Amino acid sequence: MKRSTPYPTLVYPALIALALCAVSAALVGAAAPDFTATASNGKTVRLSDYRGKFVVLEWHNNGCPFVRKQYNSGNMQKLQKQWTSQGVVWFTILSSAPGKQGYATASEENDYMAKMQAAPTAALLDPTGAIGHLYDAKTSPHMFVINPQGVVIYDGAIDDKPTPDLNDVPGATNYVSLALQQAMAGKQVETAATRPYGCSVKYADATH
Amino acid sequence: MRWSDGCAELYRVLIGGAALLLCAASAHAEATPIPHGTLELIAQNQSIVAGQTIDLGLHFQLEKGWHIYWTNPGDSGEPPRVEWQLPAGLTAGSIEWPTPQRLGTSTIVDYGYENAVLLIVPMNAEASLTEQQPVRLGAKIRLLVCSHEMCLPGKADISLTLPAKSQPSALDARTADLFAAARKSLPRSPPQNWRFSLADAKDSFMLSANLGRRITQAIFFPLAESQIENAAPQNLQPSATGFQMTLRKSAQLVKPIERLKGVLVLSGGQGYLIDLPLSKPRAPKGKAATISGSTHYNSY
């Protein structure tokens, strides 16, 4: 980097170490990174406008077997309805790049949601993957819960059954519901960080 | 609409699978289509032998750009799952996983296999197994096949019928090379004189290795999920007798770990199975470990 040096040279290793710590630490306990996104309904959504409410972020890819497990069983829609009816804001986020599985234009996503009877507050289109990278979203689904103060209180899997099998929906412990229940009851979220499972998010820069 | 795209994809897979099946039919009658590839159950020996264990293999062949997953899939995906359907007297062991590849990007790293892989499964036959009739070995496989553009679920029913003998059975010449290559790709125990240690360094683990020679290249594959950050660079510092490697702790690591188990791959591709207890931090040493951790960050 060809920049003038605002800090003594010795500070840089410390800054780099700090940056690494920031990456390595789970988002849990940290302020939820703010973003502005275009929703499939055409509206512009800014996360920080929803301070004062619980917010759920759901990383989505409608072709991914692990996502289809949740939608074909009706479980994701049920969760969306259950929690938005209690004042929770629910954003479904699409970070697949154009041409990759899970990418959808606004009208395609609206058709999909109508067909599946999905009921998030809004579906946010993130074809550049900017929001996905901001949250280090790794899989679809990958779930985050943000409290009314704007702090991430859950980061991880949707539930404790990391398979694409529909049969595994009924017996699963849903970590998102658990986090919301505990936080709404004024309790500490017991399981605040888990390994998200599913398909890798099909980012624009995903090559190997 | 994406839904119909999904259907179109399914057709594509089915047609592709059928084409592959036809192609494969001339070489191996038993190869079963899976998304973007085939799967075949093969045996190292020509027969099952009462009182002995023979090796079976799940032979996956994938189109270019597609992969399946290791026992620890890493940040996404899932390993193939096998449900055996065996006659009485036969017991399948667990899969012997070859050393995987690191697949992915700077932010998402998975562990798996591209192109082709043979997963060896030992099959034990009880001594009481009679030899009058051939034995049908069956398995239901569920798996996820992914490219960097999409993931598809796969299911396959595979089987193999072998005669049961009481005499030691000959190797099957058709599969000998595949089994030999697969066995070479299995991680081994490290030589007795190699020394490893693992120390806690705040946000990382420091893996120190003394192999009696300078090592400039190594990759560590963790066997358990959520211990280390898969996508973090594994910063390697060569030393005269080995190396020190920084493995960043997983963001999901909430409880301290007692051991770190995994496969260490050196240049040349040979994998070694290591299982290291985390050294207990002693007052002055613990501090030293922290300092050496920071030294590593300096070299970034």
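Residues numbered from 1 in each chain as written. Chains lettered and ligands numbered in written order. Predicted model: local features only at pLDDT ≥ 70, side-chain atom pairs only at ≥ 80, totals over all residues.

Looking only at helices and strands, chain B features three helices and 20 strands. Looking at chain B as a whole, 40% of its 300 residues qualify as buried. Taking the contacts inside chain B whose residues are at least 6 apart along the sequence as the reference set, 69% of them involve residues at least 24 apart. (Helix = DSSP H or I, 4+ residues; strand = E, 2+ residues; numbered from the N terminus. Buried ≥ 20, exposed ≤ 12 C-beta atoms within 10 Å, placed from the backbone. Contact = placed C-beta atoms within 7 Å.)

Moving on, we get to the overall build of chain A. When helices and strands are tallied, chain A shows six helices and nine strands. Looking at chain A residue by residue over its 208 residues, the buried ones come to 47%. For chain A, the proportion of contacts with a sequence separation of at least 24, taken over those separated by at least 6, is 77%.

For the rest of this paragraph, the subject is the sheet that holds strand 1 (residues 32-34) of chain B. Residue and element names in this part refer to chain B. Taken in spatial order, the five strands line up as 1-2-4-10-7 in an open sheet, and their pairing is antiparallel. The open sheet has two edge strands with one neighbour each: strand 1 and strand 7 (90-92). For this sheet the average axis-to-axis angle between neighbouring strands, irrespective of direction, equals 30 degrees. Two strands pair when backbone bridges link them, and strand 7 and strand 10 (residues 116-125) are joined in this way by three bridges, in the antiparallel orientation. Bridging from a neighbouring strand, threonine 91 pairs with asparagine 124 of strand 10. Running at roughly 90 degrees to strand 4 (residues 53-62), helix 2 (residues 176-184) makes contact with strand 2 (37-43), strand 4 and strand 10 of the sheet. (Pairing = 2+ DSSP bridges. Axes fitted to C-alpha atoms, helices over the stretch in contact; angles between N-to-C directions.)

All names here are of chain A. Counting buried residues along strand 3 (residues 55-60), six of its six residues qualify, which places the element largely inside the surrounding structure. The alternating pattern of strand 3 places Val55, Leu57 and Trp59 on one face and Val56, Glu58 and His60 on the opposite face, and all of these are buried. The pairing of strand 3 with strand 4 (residues 89-94) spans six bridges and is parallel. Bridge pairing in strand 4 places valine 56 opposite tryptophan 90.

Further remarks concern the confidence of the model for chain B. Residues and elements named next belong to chain B. Looking at chain B as a whole, its pLDDT mean stands at 86, while 83% of the residues score no less than 70. For the stretch residues 1-29, pLDDT sits under 50, and the model shows 21 contacts to residues farther than four places along the chain or on other chains. In the predicted structure, residues 285-300 sits below a pLDDT of 50 and forms 24 contacts with residues beyond four places in sequence or in another chain. The ipTM for the predicted assembly is 0.82, set against a pTM of 0.84. (pLDDT = per-residue confidence, 0-100.)

In this structure, A:Gly171 sits in the loop between strand 8 (152-156) and helix 6 (175-184). Along the primary structure A:Gly171 and A:Asp159 are separated by twelve residues, whereas in three dimensions their C-alpha atoms are 9.8 Å apart.

Moving on to the domain arrangement of chain B. By a widespread convention, an interface's size corresponds to the accessible area lost as its parts come together. Residues and elements named next belong to chain B. We note that the domain assignment places domain 1 (2-184) and domain 2 (195-298) within chain B. Every element with two or more residues in the side of domain 1 that touches domain 2 is listed here: strand 5 (67-74), strand 8 (101-104) and strand 9 (109-114). Per element, the largest residue contribution to the side of domain 1 that touches domain 2 is three residues, and it comes from strand 5. Within the side of domain 1 that touches domain 2, the residues separate by chemical class into four nonpolar, seven polar and two charged. (Domains from an automatic or database assignment. Nonpolar A, V, L, I, M, F, W, Y, C, P; charged D, E, K, R; others polar.)

Residues and elements named next belong to chain B. Ordered by their spatial adjacency, four strands build an open sheet running 14-15-18-17, and the pairing between neighbours is antiparallel. Looking at strand neighbours, the two that pair on one side only are strand 14 (195-201) and strand 17 (235-239), the edges of this open sheet. On average, each strand axis in the sheet is tilted by 15 degrees relative to the strand beside it, whichever way the strands run.

Looking at chain A as a whole, its pLDDT mean stands at 89, while 86% of the residues score no less than 70. Note on residues 1-25 of chain A: pLDDT is under 50 here. Beyond four places in sequence and across chains, it has 17 contacts.

Residues and elements named next belong to chain A. Look at the link from serine 140 to proline 141: it is a cis peptide, with omega at -5 degrees. Within the fold, proline 141 resides in the loop between strand 6 (139-140) and strand 7 (143-146). Phi at glutamine 117 takes a positive value of approximately 55 degrees, unusual for a residue other than glycine. With respect to the element layout, glutamine 117 can be found in the loop between helix 4 (106-116) and strand 5 (122-125).

Bringing the nonpolar core into the picture now. Core analysis: the biggest nonpolar cluster contains 106 residues, and A:Val56, A:Phe144, A:Val145, A:Ile153, A:Tyr154, A:Val176 and B:Val145 have the highest contact counts within it. Two domains each provide a minimum of three residues to this core, namely domain 1 (2-184) and domain 2 (195-298) of chain B. Other than its neighbours up to four places away in sequence, A:Val145 contacts A:Phe54, A:Val56, A:Ile153, A:Tyr154, A:Val176, A:Ala179 and A:Leu180. Counting 14 residues, the second-largest nonpolar core is a separate cluster that includes B:Ala201, B:Leu211, B:Ile228 and B:Phe243. (Core = buried A, V, L, I, M, F, W, Y, C linked by C-beta atoms within 7 Å.)

All names here are of chain A. Among all positions of helix 3 (residues 75-84), only Met76, Leu79, Gln80 and Trp83 are buried. Buried residues along helix 3 cover an arc of 100 degrees about the axis, so they all sit on one side. Contact partners of the buried residues in helix 3: strand 3, helix 2 (65-72), strand 4 and helix 6. (Arc of directions from axis to C-beta.)

On to the environment of B:Glu40. By the secondary structure assignment, B:Glu40 is in strand 2. Owing to 22 C-beta atoms within 10 Å, B:Glu40 belongs among the buried residues under this scheme.

What sets the pattern is the α-helix's 3.6 residues per turn: residues three or four places apart point alike. Residue and element names in this part refer to chain A. For helix 4, the full list of buried residues reads Glu109, Tyr112 and Met113. Seen from one end, helix 4 has its buried residues packed into an arc of 95 degrees, which puts them on one side. When the buried face of helix 4 is taken as reference, the exposed residues oriented beyond 90 degrees from it are Ser107 and Ala114. Within two residues after helix 4, glutamine 117 carries a phi angle of roughly 55 degrees, on the positive side.

Turning to the environment of A:Tyr203, a few remarks are in order. Mapped onto the elements, A:Tyr203 comes out in the segment after strand 9 (199-200). The spatial distance from the C-alpha of A:Tyr203 to the C-alpha of A:Asn61 is 11 Å, given a sequence separation of 142 residues. Excluding residues within four positions of it along the chain, A:Tyr203 makes contact with A:Ser95, A:Ala97, A:Gly129, A:Gly132 and B:Thr105.

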